[in-house]
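# Notes for the structure review
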Amino acid sequence: MAQKLVIIGAGMASGKLLETLLDSHADAYDITLIGAEPRGNYNRIMLSPVLAGETDYQDIITHDTAWYKAHGITTRFGESVVKIDRKAKHIISANGATAYDKLVIATGSASFFIPVIGNDLPGVVGFRDLDDVEAMLAAAHTGGRAVVIGGGLLGLEAAAALHKQGMQVTVVHLMGHLMERQLDAAAGYLLQKELEARGIKVICKAQTNGIVGNGKVEAVLLEGDITLPAELVVMAAGIRPETRLATESGLHTERGIVVDDAMCTSDASIYALGECVEHDSVVYGLVAPLFDMAKVLAKTLLAEHAAFQAPMVSTKLKVTGVDLFSVGDFGEGDGREEIVFRDPGRGIYKRLILRDNRIVGIVMYGDTLDSGWFFDKLKSGEDISDTRETLIFGPAYQGGEAQDPLAVVAAMPMSAEICGCNGVCKGTIVEAIQAGATSLGAVKATTKASASCGSCAGLVEQVLAATLGDSFEMPVAAGICGCTDHSHEDIRRVIKSRALKTIPAVMQEMGWKTSCGCHICRPALNYYLICEYPLDYADDAQSRFVNERNHANIQKDGTYSVVPRMWGGMTTPAELRAIADAAEKYNVPTIHVTGGQRIDLLGVQRADLPEMWADLNAAGLVSGHAYSKGLRTVKTCVGTDHCRFGTQDSTGLGIKLEKMLWGSWTPHKVKLAVSGCPRNCAEATCKDLGVICVDSGYMVSVAGAAGMELKQTEALATVATEAEVMDLAVAFIQLYRESAAYLDRPYKWVAKVGLGWVIEQVVDDLENRAALKARFELSQSVYRKDPWAEQAKPEYQPRKWAALADLTLEAAE
Amino acid sequence: MSDWIDIAPLESIPQRGARVVKTAVGCVAIFRTADDKVFAIDDTCPHKKGPLSEGIVHGTSVTCPLHNWVISLETGMAQGADEGAVNTYEIRVENGRILLDGARLGAQTAA
């Protein structure tokens, strides 16, 4: 008599197991299939298209009743197994005990419901089975708003489908970019852009604090007091292997049910497969490895030898019209190199990650036609050094031997598009070159090729080289760092013209050669985005130099210096007392008076910073920004208050200027001074902006330097009132903020753009002056605040200032 | 032999950032990259002892905040023309928790 095989769980893995088993040896077992869902086996992967209305349930059934019957399988659907009695070798369900010789657990996984208040309200659903889909379709039927928690594969498929069904959909995702397990930031950005273009709202870095509603879901609450009204909430933040039965029966389980290479659990008569198992510390959620498991287990059950091997798993997103593919290891690392191809105009991004001349990872977005070809090379571990130059272009450009890129360009047909932004093909460029446009600039001017995002400039140059031969000299790239060939000016222009609002967006659209930049380009990009989009862009602390991240100046021994602001160089006995108290309390070894009329407390331990700031805040002192690329100081003399030579209230004006400008971020540091008379005790004529008071008014001059270079300021204008000084100063600083290259002090910037142009913009053109002032004020509505007060808040202590752990304490115990 | 110590949840370190763990052998910087890889290296630049945990993290490298030496998080080696290295430590993430191998840190978990 055949042995009794009982299978718990009628999902895809067990379906594949049955097929394989019956194909090889139809009579080996007397099989009983028990499933908790009240239906047989269907293709769970296709639930997304069912939800989107692109197919229906009937079409995704893989094994119907007739099939089970024909193969002599006893099916018991809609029946939950409550216990496994391993000693007696039977399982217990509502129908009593069922004996087994061999047992297979294929209970799959359940949606992970994030542990927040309200996660059990009616209207909160997972996305695992047909019941979930039916619940979602019922909600979508009445329209309304849906919030999908989780921006991974499943969440995005649900979001796209619900949007297609007519709901207003918002995806909230905890991580920095969508599908972070499968995509790098650049591809994640493109995906987000595509979804947003369809009308799906995406919020990344979103921490869900709770779900509220009276009797049913009404809204999702995010950190930062954001409320998202919703009638439907889909939990797609992950899955949890369904291991309860196994755990309760004493089988070895970790995250999943632990199985060996033959899919055998810790009990020799019990096997497991699918999403509920853990093999070699890995839990699988995609279908290909589950099918591999099924094939292995079929052999094991037939007493043949087979071993499951962790496969390379590739990912595709089933959202109509979105092409993406990823596989392998796409992180950066030593010995790893990458080949990146970006075509911003067409929204294409391809990245191959190489190690030892072999492909180890692939990320493709927008054009995944060649994914299979690359994947083959990855799996075979083929040495690609011979074809490396043209590899990224795919199989269409692979000849029998290595080609140089120039040859590839030369081989392109005249109809090949070179500039995706402006739709310029190779033929047009060649014609222009033959008509006399023999430089990149000339080609740009006559054809508009590379005139928008500029990322095809290199290709245009190659067309020039291929057409002109030796008479064309390739210009040397003048990128801001090794990550890009673009200049600061080009980057700023493109950020503005193409409304790029995140660092990954800039890197993608401008063809960055690395996936996450470096210490040179990231701070520059962060500044440019802050300047251009003060309201929309969130400052990226991780792209800031340590001083601006920690709001203090790092010293050579790793301690910090703390400089409170003294408006216009003025202070009071109470402030001095508070500073003295702080110096004593935090054992400040050195107190120094700076050249900008401030007191510098040097040698402060990092861990003491927030408490010290809180103490200084309590006395009314705020950050002096002595560490920032921003307004540092406004130095003054005492002017008409006390000085017998003073002509105007220089201290008063200095304080007003400082209160207006403080907190603003600029391309480099900015220092001002106001002297009460031409004796110039405040040394205003070597500052970035200096004011010399005279009897008749104020002489404003700019672009001085007293550092590595020494340069006297140049006259900007002479005005009669303090109000005009303020307007000129603000307009000058804003113009500098908007057009200077990062890390150019104002004197360098003025030398590049010309003082004449600056005078036109801020002195002569009153309308422009007012517009500059308005933009500065808009930015200051966000940034005119004390960062110390923010950083000293208790919530920053555990997540920033404290050590992550202190193992020295444990060792001492 | 390994001695895995549960340090903290992965989320307690910002992406492209670092936090410090105090150990008997000095401060160890725990890095989290943009793609959620974690690395543990000495928090002391081989050049002038700068705190590497305060550097800008890019790819699997960190730039020292004092003089811009670039250190590989994977090997601890200085990159480019600079020469020097820091110690690296075994580290991994399991169930969203960062586990650090205490074997070389002079620390013992509660037995």
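Our subject is the structure that appears above.
Residues numbered from 1 in each chain as written. Chains lettered and ligands numbered in written order. Predicted model: local features only at pLDDT ≥ 70, side-chain atom pairs only at ≥ 80, totals over all residues.

A count of helices and strands for chain B gives zero helices and 10 strands. In chain B, buried positions account for 50% of the 111 residues. (Helix = DSSP H or I, 4+ residues; strand = E, 2+ residues; numbered from the N terminus. Buried ≥ 20, exposed ≤ 12 C-beta atoms within 10 Å, placed from the backbone.)

With that settled, the discussion passes to the overall build of chain A. Within chain A, the regular secondary structure consists of 30 helices and 42 strands. For chain A, long-range pairs separated by at least 24 residues make up 62% of all intrachain contacts whose partners lie at least 6 apart in sequence. (Contact = placed C-beta atoms within 7 Å.)

All names here are of chain A. With respect to the secondary-structure elements, Thr685 resides in the loop between β36 (670-675) and β37 (689-694). In this structure the C-alpha to C-alpha distance between Thr685 and Ser701, which are 16 residues apart in sequence, comes to 7.2 Å. Each residue touching Thr685, except ones within four places of it in the same chain, is listed here: Asn680, Gly690, Ser701, Gly704, Gln712 and Thr713.

If you trace the five strands from one edge of the open sheet to the other, you get β42(A)-β2(B)-β3(B)-β4(B)-β8(B), paired in mixed fashion. Here the strands that pair on one side only, and so sit at the sheet edges, are β42 (805-806) of chain A together with β8 (88-89) of chain B. (Pairing = 2+ DSSP bridges.)

In this section: the pairing of β36(A). Residue and element names in this part refer to chain A. Among the six residues of β36, six are classified as buried, and the element is accordingly described as predominantly covered. The two faces of β36 match: Val670, Leu672 and Val674 on one face and Lys671, Ala673 and Ser675 on the other face are all buried. Pairing of strand β35 (residues 631-636) with β36 involves four bridges; the strand directions are parallel. Its bridge partner being in β36, Lys635 is matched across the sheet by Ala673. Two strands pair when backbone bridges link them, and β36 and β37 are joined in this way by four bridges, in the parallel orientation. Following the sheet pairing, Ser675 is matched in β37 by Ile692.

On to the environment of A:Leu5, then. Residue and element names in this part refer to chain A. Mapped onto the secondary structure, Leu5 falls in strand β1 (residues 3-8). Residue classification places Leu5 among the buried positions, given that 22 C-beta atoms sit within 10 Å. Linking Leu5 and Asp30, residues 25 residues apart in sequence, is a C-alpha distance of 5.9 Å. Beyond its immediate stretch of four places on either side in the chain, Leu5 contacts Tyr29, Asp30, Ile31, Tyr100, Asp101, Lys102, Val104 and Leu301.

With that settled, the discussion passes to the sheet that holds strand β17 (residues 226-229) of chain A. All names here are of chain A. The strand order across the open sheet formed by three strands is β15-β16-β17, and the pairing between neighbours is antiparallel. Unpaired on one side and paired on the other, β15 (208-212) and β17 mark the two borders of the sheet. Pairs of neighbouring strands in the sheet enclose a mean axial angle of 20°, with direction left out of account. Examined bridge by bridge, strand β16 (residues 219-222) and β17 share four bridges and lie antiparallel to one another. Within β17, the residue paired with Leu222 across the bridge is Ile226. (Axes fitted to C-alpha atoms, helices over the stretch in contact; angles between N-to-C directions.)

Attention now goes to the interface of chain B and chain A. Taken together, the contacts link 42 residues of chain B with 32 residues of chain A. Among the secondary structure elements, those contributing two or more residues to the side of chain B that touches chain A are β1 (4-9), β2 (17-23) and β5 (56-58) of chain B. The leading source of residues in the side of chain B that touches chain A is β2(B), at six residues. With two bridges connecting them, β42(A) and β2(B) associate as parallel partners. By the bridge assignment, A:Asp806 is partnered in β2(B) with B:Lys22.

To continue, consider the pairing of strand β27 (residues 348-355) of chain A. Residue and element names in this part refer to chain A. In terms of strand pairing, strand β26 (residues 336-343) meets β27 through eight bridges, oriented antiparallel. The partner of Glu338 across the bridge, within β27, is Ile353. Taking the residues between adjacent antiparallel strands as the criterion, β26 and β27 are bridged by four residues, where Gly347 takes a positive phi near 65°. With seven bridges joining them, β27 and strand β28 (residues 358-365) adopt antiparallel strand pairing. Counted as the bridge partner of Arg355 is Arg358 from β28.

In this structure, A:Val148, A:Ala158, A:Val233 and A:Val234 are the most contacted members of the largest nonpolar core, which totals 88 residues. Per-element tally for this core: the top contributor is helix α6 (residues 153-164) of chain A, with eight residues. What A:Val234 contacts, discounting residues up to four positions off in sequence, is A:Val125, A:Phe127, A:Met136, A:Ala146, A:Val148, A:Ile149 and A:Ala158. Counting 56 residues, the second largest nonpolar core, distinct from the first, contains A:Leu621, B:Phe31, B:Ala40 and B:Ile91. (Core = buried A, V, L, I, M, F, W, Y, C linked by C-beta atoms within 7 Å.)

Next up on the list: the packing of helix α13 (residues 426-434) of chain A against helix α15 (residues 457-468) of chain A. Residues and elements named next belong to chain A. As a packed pair, α13 and α15 sit with axes 10 Å apart at the nearest point and diverge in direction by 55°. Between α13 and α15, the angle is such that the two are oblique. The chirality of how α13 crosses α15 is right-handed. Residues Lys426, Ile429, Val430 and Ile433 of α13 form the contact with α15, whose participating residues are Val460, Val463, Leu464, Thr467 and Leu468. In terms of residue class, the contact of α13 with α15 is built from seven nonpolar, one polar and one charged. (Parallel < 35°, antiparallel > 145°, perpendicular 65-115°, else oblique. Left-handed = near helix turned anticlockwise from the far one by under 90°. Nonpolar A, V, L, I, M, F, W, Y, C, P; charged D, E, K, R; others polar.)

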